[in-house]
Amino acid sequence: MDLQGKNALVTGGGRGIGADTVRALAAAGAAVVASARSVQEIEALAEEIRQGGGKAWAVPCDVAEPEQVDALAEKAKQHLGQVDILVNNAGIAASAPLKRIALEDWNRIFAVNVTGTFLCTQAFLPEMVKRKWGRVINVASIAGLTGAAYISAYSASKHAVIGFTRCLAAEVAPSGVTVNAVCPGYVETGMVSESVARIVEKTGISLEKARGSIVDMNPQNRILEPEEVSYQIVSLCDSRARGVNGQTIVIDGGGLLS
Ligand code: NDP
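Calculation criteria
- Residues numbered from 1 in each chain as written.
- Predicted model: local features only at pLDDT ≥ 70, side-chain atom pairs only at ≥ 80, totals over all residues.
- Heavy atoms only, no water.
- Helix = DSSP H or I, 4+ residues; strand = E, 2+ residues; numbered from the N terminus.
- Buried < 20%, exposed > 50% of the residue type's maximum accessible area, 1.4 Å probe, protein only.
- Lys, Arg positive; Asp, Glu negative; His and termini not counted.
- Salt bridge = Lys/Arg side-chain N within 4 Å of Asp/Glu carboxyl O.
- Polar contact = N/O pair within 3.5 Å; in protein donor to acceptor, adjacent residues only side chain to side chain.
- Domains from an automatic or database assignment.
- Contact = heavy atoms within 4.5 Å.
- Buried area = accessible area lost by both parts, 1.4 Å probe.
- Pairing = 2+ DSSP bridges.
- Axes fitted to C-alpha atoms, helices over the stretch in contact; angles between N-to-C directions.
- Parallel < 35°, antiparallel > 145°, perpendicular 65-115°, else oblique.
- Left-handed = near helix turned anticlockwise from the far one by under 90°.
- Near = heavy atom within 4 Å.
- Areas by Shrake-Rupley, 256 points an atom, 1.4 Å probe, with all protein chains shown as cover.
- Nonpolar A, V, L, I, M, F, W, Y, C, P; charged D, E, K, R; others polar.

1. Some points on the side chain of Asp 252
Its location among the elements puts Asp 252 in the segment after β7 (248-251). In this structure, Asp 252 is buried with no salt-bridge partner, the nearest side chain bearing the opposite charge being Arg 222 at 9.1 Å. A polar side-chain atom of Asp 252 sits 3.2 Å from the main-chain amide nitrogen of Gly 255.

2. Points about the domain arrangement of the protein
The domain boundaries assigned to the protein delineate domain 1 (7-184 + 225-250) and domain 2 (186-223). Using only C-alpha atoms to locate each centre, domain 1 and domain 2 end up separated by 24 Å. With 13 residues of domain 1 at the contact, the number on the domain 2 side is 8 residues. Interface area for domain 1 against domain 2, summed over the two sides, is near 810 Å², with a carbon-plus-sulfur share of 55%. When the buried surface of domain 1 facing domain 2 is broken down by residue, Ala 93, Ser 95 and Glu 225 rank first, second and third, together holding 40% of it. Counting every contact that joins domain 1 to domain 2 gives 1 salt bridge.

3. What to know about the sheet that holds strand β5 (residues 135-139)
Sheet architecture is open: 7 strands sit in the order β3-β2-β1-β4-β5-β6-β7, paired in parallel fashion. The open sheet terminates on both sides in strands that have one partner only, identified here as β3 (56-60) and β7. Neighbour to neighbour, the strand axes of the sheet diverge by 20 degrees on average, direction disregarded. The pairing of strand β1 (residues 7-11) with strand β2 (residues 31-36) spans 5 bridges and is classified as parallel. Residue pairing for β2: Asn 7 is matched across the bridge by Ala 31. Across the face of the sheet, helix α1 (residues 16-27) comes into contact with β1, β2 and β4 (85-88) while running at roughly 170 degrees to β1.

4. Here's the deal with the side chain of Thr 11
Structurally, the position occupied by Thr 11 is in strand β1. In terms of polar contacts, Thr 11 uses its side chain to reach the backbone amide nitrogen of Asn 89, at 2.9 Å. Residues in contact with Thr 11, not counting those within four places in the same chain, are Ser 35, Val 63, Val 87, Asn 88, Asn 89, Ala 90 and Cys 120.

5. Some remarks on the pattern of salt bridges
Considering all chains together, one arrives at 9 salt bridges under this definition. Note that Glu 47 is salt-bridged to Arg 50, the shortest N-O span being 2.9 Å. Of the two residues, Glu 47 and Arg 50 are both situated in helix α2 (residues 39-51); the distance of 3 residues between them amounts to about one turn of the helix. By relative accessible area, which is 34% here, Glu 47 ends up partly exposed. A salt bridge links Asp 62 to Arg 108, with the shortest nitrogen-to-oxygen separation between them at 3.1 Å. You can see Asp 62 sitting in the loop between β3 and α3 (66-80) and its partner Arg 108 sitting in helix α4 (residues 103-131), a full 46 residues away along the chain.

6. Digging into the packing of α1 against α2
Closest axis-to-axis distance for the α1/α2 pair is 11 Å, and the angle between their directions is 20 degrees. With respect to their mutual orientation, α1 and α2 come out roughly parallel. Of the two elements, α1 crosses α2, and the hand of that crossing is right-handed. Facing α1, whose interface residues are Ala 19, Val 22, Arg 23 and Ala 26, α2 presents Leu 45, Glu 48 and Ile 49.

7. Brief notes about the site of the ligand
The environment of the ligand is formed by 30 residues, the closest being Arg 37, Ser 38, Tyr 154, Val 187 and Thr 189. Here Tyr 154 contributes a side-chain N or O atom positioned 2.7 Å from an oxygen atom of the ligand. In the environment of the ligand, an oxygen atom lies 2.5 Å from a nitrogen or oxygen atom belonging to the side chain of Thr 189. Within the complex, 96% of the 880 Å² of free accessible area of the ligand lies under protein. Sorting the residues of the shell around the ligand by element identifies α1, α4, α5 (152-172) and α6 (190-203) as the ones contributing at least two each. Considering each element in turn, the shell around the ligand owes the most residues, 3 residues, to α6. Counted by class, the shell around the ligand contains 15 nonpolar, 10 polar and 5 charged residues. When we break the shell around the ligand down by domain, the ones giving at least three residues each are domain 1 (7-184 + 225-250) and domain 2 (186-223).

Below is the structure:
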């Protein structure tokens, strides 16, 4: 994969899937802005990439805050000149039965996962359309394609991200820009550690059993690695992927068969 000359921005790029995506894009030759709220994480990552001979910058931003997204767009342009690849990866998860979902938590999940994706896309997509080349990749989830007990807020937010992806793909298709979503099952990141801890806390089962219940959801009996997601993201950036538009790329070991 050769992304020399391309400029990318990854939200939620400080750890987990986002950090791996920043590394993978930089390894393919792209110049990358890594963004997240935790300044130390993105700065350390950008430094690691520069030490390895790549081009990377850290720009802090809470994607749920419109003014911060405006500032991110400004800074990204200063560093990169233009953004060709946007990876909307920043996301948060929570689980609870309906009656225990506080409105505040519902609103925050939508603010980060859905509004954050909208704001960042609105900040960068129009310029891609003008230049007739661009890639927007939204990190959704299999929870955006199917439902499961106790994750209604998260699942609804990821369904929204997928609806947004499909509509924009139709809107920009004539320009040559593509908009796609990747939909992973459980991936080995802090988000999964938090899910396991929540299961232990709520059910009283052991850590091992809680982790096992997540492993069992993947027919390959494992939790995915972040590189399996970042690989698909980088592949979508290749010029040979120009015909893939408005799709949901499922990465879950074969759990969701459609
Ligand atoms: P992590 O919790 O490991 O990392 C999340 C990243 O998003 C961090 O860099 C975090 O940094 C950033 N982030 C969180 N809130 C905001 C915000 N308001 N503004 C900007 N950045 C933010 O999660 P994962 O790597 O696991 O998840 C990444 C994406 O993948 C998410 O969209 C998630 O829903 C999706 N996903 C994850 C799966 C999994 O099993 N791990 C499965 C399917 C989808 P900071 O807190 O410093 O802002």
